[in-house]
Amino acid sequence: MRGDFPILEREIAGHRLVYLDSSSTSQKPTAVLDALADFYRNHNANIHRGVYPLAQEADALFEGARERIAAFVNWPARTRSSPRT
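Residues numbered from 1 in each chain as written. Predicted model: local features only at pLDDT ≥ 70, side-chain atom pairs only at ≥ 80, totals over all residues. Heavy atoms only, no water.

Quick notes on the overall build of the protein
A tally of helices and strands in the protein yields 2 helices and 2 strands. Reading the protein from its N terminus to its C terminus gives the helix and strand order β-β-α-α. In terms of overall dimensions, the protein is more spread out than a globule: its C-alpha atoms have a radius of gyration of 17 Å, far above the 12 Å expected for 85 residues. Counting only C-alpha atoms, the protein reaches 50 × 30 × 20 Å along its principal axes. (Helix = DSSP H or I, 4+ residues; strand = E, 2+ residues; numbered from the N terminus. Rg over C-alpha atoms; globule rule 2.2 N^0.38 Å.)

Listed below in structure tokens is the structure:
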């Protein structure tokens, strides 16, 4: 598990880092860091605000993530066009 979190490879004062402040800031695994870097490098645009191709691409990525998360937690995905309940 530690191998998934690059920051946990650090040593401070000669000891492997143990991070216990997750209620304030959680550390990110490599997969999340890679996905964020890819988004910012290749797809960064305002979500649900633009009609130009890059914004539409960002919208599709955002909504796709929403649907995958909803499926993972077995919850209906509320999309931008869905009414609030």
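The rest of the description comes next.
Observations regarding the pattern of salt bridges
What the rule picks out here adds up to 1 salt bridge. Taking the shortest distance from any N to any O, the salt bridge between Arg-66 and Glu-63 comes out at 3.1 Å. Note that Arg-66 and Glu-63 are positioned in helix 2 (residues 53-72) at a spacing of 3 residues, about one turn of the helix. (Salt bridge = Lys/Arg side-chain N within 4 Å of Asp/Glu carboxyl O.)

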